[in-house]
Protein chains: 4
Amino acid sequence: MNSWSTPRTDLAVEAKELLSRQVKEDIPGVLTETLHDDDVVVTRVHITTIQAGQMMGKAPGNYITVECYGLRYKNTPLQKKVMNLVAQELVNLAKLPLTATVLVVGLGNWDVTPDALGPRAVSKIVVTRHLQKMLSPELQGGVRSMCALAPGVLGNTGMETAEIIKGVVTAIGPDLVIAVDALAAATSHRMNTTVQLANSGIHPGSGVGNKRFGLTQDYLGVPVIAIGVPTVVHASTIAMDTLDTLQDHAAFSRYFKSMQNLSEHDQRTIVRQVLPDTLGDLMVTPKEIDRLINDMADIVAGGINQAMHPNIDYKNIHNYLH
Amino acid sequence: MNSWSTPRTDLAVEAKELLSRQVKEDIPGVLTETLHDDDVVVTRVHITTIQAGQMMGKAPGNYITVECYGLRYKNTPLQKKVMNLVAQELVNLAKLPLTATVLVVGLGNWDVTPDALGPRAVSKIVVTRHLQKMLSPELQGGVRSMCALAPGVLGNTGMETAEIIKGVVTAIGPDLVIAVDALAAATSHRMNTTVQLANSGIHPGSGVGNKRFGLTQDYLGVPVIAIGVPTVVHASTIAMDTLDTLQDHAAFSRYFKSMQNLSEHDQRTIVRQVLPDTLGDLMVTPKEIDRLINDMADIVAGGINQAMHPNIDYKNIHNYLH
Amino acid sequence: MNSWSTPRTDLAVEAKELLSRQVKEDIPGVLTETLHDDDVVVTRVHITTIQAGQMMGKAPGNYITVECYGLRYKNTPLQKKVMNLVAQELVNLAKLPLTATVLVVGLGNWDVTPDALGPRAVSKIVVTRHLQKMLSPELQGGVRSMCALAPGVLGNTGMETAEIIKGVVTAIGPDLVIAVDALAAATSHRMNTTVQLANSGIHPGSGVGNKRFGLTQDYLGVPVIAIGVPTVVHASTIAMDTLDTLQDHAAFSRYFKSMQNLSEHDQRTIVRQVLPDTLGDLMVTPKEIDRLINDMADIVAGGINQAMHPNIDYKNIHNYLH
Amino acid sequence: MNSWSTPRTDLAVEAKELLSRQVKEDIPGVLTETLHDDDVVVTRVHITTIQAGQMMGKAPGNYITVECYGLRYKNTPLQKKVMNLVAQELVNLAKLPLTATVLVVGLGNWDVTPDALGPRAVSKIVVTRHLQKMLSPELQGGVRSMCALAPGVLGNTGMETAEIIKGVVTAIGPDLVIAVDALAAATSHRMNTTVQLANSGIHPGSGVGNKRFGLTQDYLGVPVIAIGVPTVVHASTIAMDTLDTLQDHAAFSRYFKSMQNLSEHDQRTIVRQVLPDTLGDLMVTPKEIDRLINDMADIVAGGINQAMHPNIDYKNIHNYLH
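Please read all numbers here as calculations on a predicted model, not as lab measurements. The numbering scheme is per chain: residues are counted from 1 as the chain's sequence reads. Both sets of labels track the order of writing: A upward for chains, 1 upward for ligands. Only residues with pLDDT of at least 70 are given local features in this predicted model, and only at 80 or more are side-chain atom pairs given and counted; all residues enter the totals for whole chains, interfaces and linings. Hydrogen atoms and water are omitted, and side-chain values are computed over all heavy atoms in the structure.

## With respect to the packing of helix α3 (residues 76-94) of chain A against helix α10 (residues 289-308) of chain A
Residue and element names in this part refer to chain A. Fitted lines through C-alpha atoms serve as axes, helices being fitted only where they are in contact, and the angles separating the N-to-C directions of these axes extend from 0 to 180 degrees. A run of H or I in DSSP counts as a helix once it spans at least four residues, and a run of E counts as a strand once it spans at least two, with each numbered from the N terminus. The N-to-C vectors of α3 and α10 enclose an angle of 45°; their axes lie 8 Å apart at closest approach. For the element pair α3 / α10, the angle class is oblique. As for the relative orientation of α3 and α10, their crossing is right-handed in sense. Contact residues: α3 offers Q79, V82, M83, N84, V86, A87, L90, V91 and A94, while α10 offers D295, D298, I299, G302, G303, I304, Q306, A307 and M308. Considered class by class, the residues forming the contact of α3 with α10 number eleven nonpolar, five polar and two charged. Here the word oblique covers every angle except those under 35 degrees (roughly parallel), over 145 (roughly antiparallel) and from 65 to 115 (roughly perpendicular). Left-handed describes a crossing whose near helix is turned anticlockwise from the far helix by less than a right angle; the clockwise case is right-handed. Note on contacts: a residue pair is in contact if any heavy atoms of the two residues lie within 4.5 Å. In this count, Pro and Cys sit with the nonpolar residues alongside Ala, Val, Leu, Ile, Met, Phe, Trp and Tyr, while Asp, Glu, Lys and Arg are called charged and the others, Gly among them, polar.

## Side note on the pattern of salt bridges
Any two side chains of opposite charge can pair, given that their charged atoms come close. By definition, a salt bridge exists where a carboxyl oxygen of Asp or Glu is found within 4 Å of a side-chain nitrogen of Lys or Arg. The tally for this structure, following the rule as stated, stands at 55 salt bridges over all chains. The salt bridge involving K81(A) is made with D39(A); its shortest N-O contact spans 3.1 Å. Of this pair, K81(A) sits in helix α3 while D39(A) sits in the loop between β1 (30-36) and β2 (41-47), placing them 42 residues apart in sequence. Notably, a salt bridge pairs E17(D) with R190(D), separated by 2.6 Å at the nearest N-O pair. Placement of the pair is E17(D) in helix α1 (residues 12-22) and R190(D) in the loop between β6 (176-185) and β7 (194-198), with a sequence separation of 173 residues. E17(D) gets classed as partly exposed once you look at its relative accessible area, which sits at 37%. Between buried and exposed lies partly exposed: a residue is buried under 20% and exposed over 50% of the maximum accessible area for its type, with that area taken using a 1.4 Å probe on protein chains only. With a relative accessible area of 4%, R190(D) lands in the buried category.

## Quick word on the pairing of strand β6 (residues 176-185) of chain B
All names here are of chain B. Across the ten residues of β6, ten count as buried, placing the element largely inside the fold. The side-chain alternation of β6 yields two buried faces, one formed by L176, I178, V180, A182 and A184 and the other by V177, A179, D181, L183 and A185. With five bridges joining them, strand β4 (residues 102-106) and β6 adopt parallel strand pairing. Within β6, the position partnered with L103 by the bridge is V177. One ladder, built from nine bridges, connects β6 with strand β8 (residues 224-234); its direction is parallel. Pairing of A185 across the sheet is with V233, part of β8. When DSSP finds two or more bridges between a pair of strands, those strands are recorded as paired.

## A closer look at helix α9 (residues 264-274) of chain A
Since the α-helix packs 3.6 residues into each turn, any two residues three or four apart lie on the same face. Three or more residues of α9(A) are buried, namely Q267(A), I270(A), V271(A) and V274(A). In a view along the axis of α9(A), the buried residues occupy a sector of 100°, so they form one face of it. Taken from the helix axis, the directions to the C-beta atoms give the arc we talk about.

## Side note on the environment of H203(B)
Residue and element names in this part refer to chain B. By secondary structure assignment, the location of H203 is in the loop between β7 (194-198) and α7 (217-220). Residues H203 and H46 lie 157 residues apart in sequence; the distance between their C-alpha atoms is 17 Å. Excluding residues within four positions of it along the chain, H203 makes contact with A59, K211, G214 and T216. Counting of polar contacts relies on pairs of N or O atoms within 3.5 Å, with two restrictions inside protein: one atom must be capable of donating a hydrogen and the other of accepting it, and residues adjacent in sequence are counted only when both atoms are side-chain atoms. A polar side-chain atom of H203 sits 2.8 Å from the main-chain carbonyl oxygen of S200.

## Re the environment of L282(B)
Position of L282(B) among the secondary structure elements: in strand β9 (residues 282-286). Under the relative-accessibility criterion, L282(B) is labelled buried at 2%. Separated by 41 residues in sequence, L282(B) and D241(B) place their C-alpha atoms 15 Å apart. Beyond its immediate stretch of four places on either side in the chain, L282(B) contacts V233(B), H234(B), A235(B), L275(B), S188(D), M191(D), V284(D), T285(D) and P286(D).

## Section: the packing of aromatic side chains
Any two rings among Phe, Tyr and Trp, with Trp reduced to its six-membered ring, count as a pair given centres within 6.5 Å; such a pair is stacked if its planes are under 30 degrees apart, edge-to-face if over 60, and tilted if neither. Applying the stated rule across the entire model yields zero aromatic pairs over all chains. Here, over-ring charges are defined by two tests on the NZ atom of lysine or the CZ atom of arginine: distance to the ring centre within 6 Å, and angle to the ring normal within 35 degrees. A cation over a ring is seen here: K166(B) above Y219(B), with NZ or CZ 4.5 Å from the ring centre.

## A look at the confidence of the model for chain A
Values of pLDDT, ranging from 0 to 100, describe the predictor's confidence in every residue of the model. When the pLDDT values of chain A are averaged, the result is 86; 87% of them are 70 or greater. Counting contacts from residues 1-6 of chain A, a segment whose pLDDT is below 50, to residues more than four positions away or on other chains yields 18 contacts.

## Some thoughts on the side chain of R120(D)
Residues and elements named next belong to chain D. Mapped onto the elements of the fold, R120 is located in helix α4 (residues 117-122). At 3.2 Å, the side chain of R120 forms a polar contact with the side chain of D290. In this structure the side chain of R120 is engaged in a polar contact, spanning 3.0 Å, whose partner is the side chain of N294. Apart from the residues within four sequence positions on either side, R120 is in contact with W110, T113, D290, I293, N294 and A297.

In structure tokens:
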């Protein structure tokens, strides 16, 4: 699958932005709510009908985005703030009794930095399922049973991630699966600054690694919450954006006037010449990608830990950490 | 579990050596065959009865050891030779039709160098299960279906490795599981120079990480071949060896004469004073452990690849590698 | 420094291509020689005058490029072929007696994958300077004295790399410095498939990490050969290429006709809108960047080892390796 | 050099303990001061004469040890407490004006976990030397000029670490060198729980990697403070300790009575049989060595940062971090 045939974005908030450029009115079946302060924007997109989902290229469900451009720079208080917001949204989305068992799955490839968000986040999850019998009576029932797995990618295991997870779900019997994944964005400023939570699971073709099978409640038999961070922009998106920018100028500039009528098919033809087929998936990432992925894995894992372990005193969390 | 209560060795060949020091005659139910040249010693220990197994501290089955002390030093031809021997012994032990599917499991912890043998070996396995449908008709049936997983350890996942593997076996349905693991040796010269193959699976308490559940045909429902490399000696073994050496001298030296009657219980008391309980598992490893683990992972993975993919031309193996 | 103000390429062969698009005739003071077979193209660009250097944006000197697009895919024989060619060109460029001491310097940042080519190559160099006194008399004089250093980047050390190297050169007194660095290319198909050797040293502003000080014979007092591999394309290059492709179409298509007269200044204005200033250096890399960097580090280090240690039998090279 | 010929410890506090076992009275020229609370013991050993230094096997100077056995377990408040103590002792030892420039050197090998303390600590140092000209006037003079380097080990560079540092010191001209190194301890409970500061520099043969050249004020021309953490116990120490324990029992037990007169030479003979010569440096480390090294690198780097940057508000330290 070449980069220009994949969707330009895995974010519902961007799918809506792209759609709104064409359709200048409200999209029926899509409800949007936005909250913001100086640092952070929280957007809740609710896709309520299958038709709306088809227009948006997303399954029906709730998609919550926490955006904070300040995360580009090392800033501990801002990271904490975003972590708290992720935790809060996750609690609302999961609506889970404390006795429920949760399996956190890290999708993606350890060895490909921008795809390593899932495995790195999983390594920071406070797992407790194996400690349940060892807990003192007063702690038991107060510490949620959590377990976690980063199974690796199809090319390295020879097994679809979905197959592996289905097997583990059968053996372990969790009440909820939380799947963490690296995503592609349509706009470069959302890279490594945005967290998306969704209760619709993970669908084929999404993510940095282009899944072939979905990870959904239908397939696994338990609810699935997907938490994703856009870590790349496809190189083709940069090329398409350049053409879009030109067309935005076309109405006002004699230079670009003739471009006004350029069709999407023409656009793809040009991009294909810039990015020849044989090169596969070219990704755009910032230079500090390694540090940024670690920061975002901290935020995602911290958000999950805080939402799922409300009774753990964070001053003593080191007692629970592996 | 403290280091002095664990078995001093996971190698059948060493269990027999230790036993033979006490029992000066043949052990009934244990058959041993040894082959060697200047570089390599191959020992096949066959434990034929449950009683013999109890004496040896091992389940009944075949245990083959390939020892090559020259592996301590970087030596590509010697590595190749040992790899070929491992492949040959694995073919004989597995007796598998080419159409059978094989799941290779890497036990142990990526983040603890001497325990990382399994995960590192798994990363070098030529996985092909996902390519079966893409293979050209003349290749199909000629390339074995292989898949591989390194699930991580209990403390990081909250799930017993055996539970995870059982779930995956249920989902995938392999015909054979090959489990690769880091072991403890009783003698320091066998560290990182020895490969053991066994058709009895992996049993609780063995390995560097002290498994609590076994990985056996009984539990998984499919045959299990264990391939292990001793990568550590427990610190307590060094202390015990010092006492053993003293006792060996006792008969000849007036200094140590009084030690002749030192019981195993007395030995343990002394070792406990040298290595206080609170320190957990102290391991003895050579300084070059990181390189040695990589070399041994190459040998084990190379042996598995060669045994399981007899039709792959190794000049073109890069075409199959992820 | 933002990505659109940096030169689009560090490769002399590309600088010449870009220049030839504008200047349709021969560039005075630039001599070019090309050799090729089905797999590999070797281009030798000789910049003979300061004026020619200014037009090309490069210091006068010899620039040799070995290009092999097949390196995108794992292919051991092709890697070996390119390694041999690099070794041969390096021997011709260095013209060094066997008694000369060589210091290999790996520029760039271990922690930023596309910038890690230099440090990774340095870790594969056969260093021998410290062994000179231990060598047997018949080996002495036959094994070149080699040493190697990867000092890290300004942001991590607080010292200009050039300062550190100058200090080490003063202390050690090598006869030649070979500096290995990751470069930026103007065309995506040259990423990780091309090696450039140059006898003009490394100049400020080049490389993935934008050096502020040069590493030249003038500054260090000894000859400097730079060996570089383009590992990234700046995101701005993709945007600029899209505009160039449009302009190439302009003559033939009524849609793009009006773009024929778009100035470079207009182009930059558009690119600046697509890639906002605050994002810093966005880089385009392939997904398999980690493996590709390792492969290219093998080729560069192998080429240096072979050129500098002509008397080492490669079957026994493991005896020399750390 | 084999492990039993190296000194059993790099810690002055242990050298004194070992000496005091033999010499039952005060050692002339050695002053000792001890402070402690429930968590931490601080010992200051002052070696005032060359003769005392020879008895102790250490150069004359001040040696301060901060010991905290609780560091074996993840415990953030305890880590912070030890970090503060290290910072305080470093301030007292360095007595440095704020305008002085400091070079922090990380000794040891990135690729050998127990030897990686120095390089890992260096990666956490807040370097500022390159920012001095960019600082606003009110910050200038308030932020110390710090730079840092981890040059790698002789086997990887072909250059003595001392040669490299001498070259860099010449080029940069720092007022103080702080050298961070991994050490060997004589007792296993001090591994990864102890920090030693010394104003006598680093001497040949000490550390995990057995330096051949010292890093001293004599050689470099500027004062050198060494900060070390014992990360290993030599395997031979375990064997020697077993014999020592036996001898301690000898007086009371009829079994060991005959051992009372065992000479050090006899001890070494026995140890040599347990740990054959060919195995090189066997080290004893705990299983969680990777995490422990990271924790100790945090403490050492944090202590240096706090001591050297007294004016940096730690809430905003992320603004200075690379």
